[in-house]
Amino acid sequence: MTNVEETIREAGPRILVFSTDISGPGIDFAGSLHLHYSPEVDVISMPCTSGIKPAWVLHALQRGFDGVFIAADGEECAYLPDCAQRASRIAADAQALLTQNGYEPQRLKMAAICSVCAEHFIRYMHDFSATLAELGSTGSG
Amino acid sequence: MSEERRIGVYVCHCGGNISDYVDVAQVIGAVEDEPGVVVARAAMFTCSDATQQEIIDDIREQELDGMVVASCSPSLHTETFREVARRAGLNPYEYTQVNIREQCSWAHTDDREGATRKAIRLVRAGIARTRLSAPLEPVTVETVPKTLVVGGGVAGLRAAFGLAEIGLEVFLVEREAELGGQVGNLGAIYPHGNDGRALIARLTRAVGERPNITVFTRAELVEKSGSFGNYQATVRVGGEPGERIQIDVGSIVVATGFDSYEPEAGELGYGIEGVLTLPEFEQLLNQDGALTFNGKPVESIAYVYCVGSRQPGGHEYCSRYCCSTAVHDSLRVAEHSPDVRQYHLHRDMRTYGKNELLYSESRERGSLYIRFADGEPPAVEKLPDGRLRVTVRDLLTEGEELAIESDLLVLVTGMVPRQNEELTGVLKLPVGKDGFFNEIHPKLRPVETVVDGVLIAGACQGPKSASESVTSALAAVSQSAAILKKGSAELDPLVATVDPEKCSWCGTCQEACPYDAIGRLALNGKQVAAVEAAVCKGCGGCVPVCAEEAIDLQGYTDAQVRAMIDGLLQEVAR
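The structure displayed is predicted, hence computed values, not measured ones. (Residues numbered from 1 in each chain as written. Chains lettered and ligands numbered in written order. Predicted model: local features only at pLDDT ≥ 70, side-chain atom pairs only at ≥ 80, totals over all residues. Heavy atoms only, no water.)

On to the interface of chain B and chain A, then. Tallying the contact residues gives 48 residues for chain B and 50 residues for chain A. Where chain B abuts chain A, roughly 4,100 Å² becomes buried across the two surfaces, and 59% of that area is made up of carbon and sulfur atoms. The interface formed by chain B and chain A includes six salt bridges. When the shortest N-O distance is used, the salt bridge between Glu-40 of chain A and Arg-117 of chain B registers 2.6 Å. For the pair chain B and chain A, the interface holds 19 residue pairs in polar contact (both at pLDDT 80 or more). Grouping the constituent residues of the side of chain B that touches chain A by class yields 22 nonpolar, eleven polar and 15 charged. (Contact = heavy atoms within 4.5 Å. Buried area = accessible area lost by both parts, 1.4 Å probe. Salt bridge = Lys/Arg side-chain N within 4 Å of Asp/Glu carboxyl O. Polar contact = N/O pair within 3.5 Å; in protein donor to acceptor, adjacent residues only side chain to side chain. Nonpolar A, V, L, I, M, F, W, Y, C, P; charged D, E, K, R; others polar.)

Attention shifts here to the pattern of salt bridges. Residue and element names in this part refer to chain B. For the structure shown, the criterion picks out 41 salt bridges over all chains. With a closest N to O distance of 2.9 Å, Glu-83 and Arg-86 form a salt bridge. Residue Glu-83 and its partner Arg-86 are located together in helix 3 (residues 74–88), separated by three residues, close to a single helical turn. Given the relative accessible area of 35%, Glu-83 is considered partly exposed. Since its relative accessible area comes to 38%, Arg-86 is described here as partly exposed. (Helix = DSSP H or I, 4+ residues; strand = E, 2+ residues; numbered from the N terminus. Buried < 20%, exposed > 50% of the residue type's maximum accessible area, 1.4 Å probe, protein only.)

On to the domain arrangement of chain B, then. Each domain of chain B was delimited in the assignment, giving domain 1 (2–136), domain 2 (146–257 + 418–489), domain 3 (261–414) and domain 4 (496–553). Centre-to-centre separation of domain 1 of chain B and domain 2 of chain B, based on C-alpha positions: 41 Å. (Domains from an automatic or database assignment.)

All names here are of chain B. Counting buried residues along strand 12 (residues 230–237), six of its eight residues qualify, which places the element largely inside the surrounding structure. Strand direction decides the pairing type here: strand 11 (residues 219–227) and strand 12, joined by eight bridges, are antiparallel. The partner of Ala-219 across the bridge, within strand 12, is Val-237. Between strand 11 and strand 12, which pair antiparallel in sequence order, lie two residues; one of them, Gly-229, sits at a positive phi of approximately 85°. Relative to strand 13 (residues 243–249), strand 12 runs antiparallel, the two sharing seven bridges. Bridge pairing links Ala-233 to Ile-247 in strand 13. Between the antiparallel neighbours strand 12 and strand 13 lie five residues, among them Gly-238 with a positive phi of about 85°. (Pairing = 2+ DSSP bridges.)

The following block contains the structure:
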């Protein structure tokens, strides 16, 4: 391992978060309150959970993320009244895709995060980091 | 391909908000040699006029075709930097905002090394996205210079009059038989004691005198179709089935007001004679002369505040107007009946702003204020002589129990969201956790909703006083004017697009779109899906349902998202 890789592995599991117009402000709020979570958590923002492709989840793991967290709109989506159902389907499809490709489905987690859900987000990140640490690294990269 | 791009990267210190926790120089060093990057600079405040000008100079002198700004949340300054790009002649959709403050420096104040590494990754992802960006042109739509106002209370009336004054044609729809809403039933209202009924009479007269306002009473908005700037609204007049009228409008102002909290039977004695809600008490105060109840003179009044408000698991918000209203009411009582004893039992008094003076005046006139603990509401019982006994533990005398005997008990009830599911469904308006309609941004876009051209005003958005309702109504007027007076409007081009090469028309995307933005088109001898840009809301809900991967959301394309993921992981790959 190079030094860079070692540093990163010591820092904890690498998590990709997909945020949305609804959950992004909640994650921002956590930062505004200076609540801490692992700096190995990176966020890509999308307008809405229903626009996330399952293949992106697989791509993230194949390239080296240890887990993907979808910070979903839940029932508050401004675009789609059935966003929660769509998101469940996307998550189920993505987990099936992970299983097919030899990854544990627990490497994808989804929870609704609203614009004031700062503390929930932090808790999810801590718990998900712990789950992923137990599962071990995807070993990619 | 990436070598051909000419991207400028600007990393902000944000005073010290970022640079106290992130090594900005290290970030610049790590990204300045990324493919496609020709300029990488740090700035103390990227949003300052001076730095904006430097960016503009760079774009012009270095012929930049892409821009990455790494600073605060996109919700704050995306428009600022799109405007910078426009001023410099760069297409604003060639710019990417990277959030290294709320989602990096502030979240990792305990880990400078980790935060710096993360900032580098996020900026790389932003560069990767920008390398694949395309110039996009806003969708221009013609707008109809007419507005539909839903709700004829103080906010709706003032909005209608304001819209008419600036030359727009207005249709005002009111569900009840009379205009006026809740303010139309009120007597003197705070802060200056203006009579609510008189205010409404004045507004109603002004609205009636405008030839460009059409009023429909006993009417409801039952259907809406079309797109921004050009909505077709169906109004049902005269109840079910009634007459259905079709109206073309450019914008819609929703001012449907609030409901008052209705206590449960037995809640703080509600149901006992003499226990009144705030609106019931206000009606009682509209009588002339000394205060009487059921023909008997009133000698003492107790008030309990925050009834139905600030309740965990219930209405958790502060209803904001009720403290000031009850305090103002106590002054009205003192005016006509100076000998009435008044006891105010509260958790906190929130007579915000200038209303604090009303609170001081009420105390000077003899009102007693007694504070109780959040979890220990007063107990209420009826005495044999018909009067009420209110028992409360006074926090300020170390929990001493006080028994107050009074003729009336006023439950200072707040505002709750109006049950309006039908209208919410027709307009597809987002409703917040508290049940009120949601604006896009409470400070920067306080009356706009995610549905373009549908604006919210007054207490349908959250508890407001009459003057605050009018303020928001006038904001909705100016926002409508901004949209409609030009005759055309520009819409965000970040919408779905179909690759006709890949599409083989299965109809799944059309079924996935509740906005009817996707249609079928004959092209080169085959059927393909086509997105109507002015109708598409840009959610991307059609993207993952396409088995052929033929749909992309502009700004969030498959290639861009994959490139961002790769950019975030570049460090590992090296």
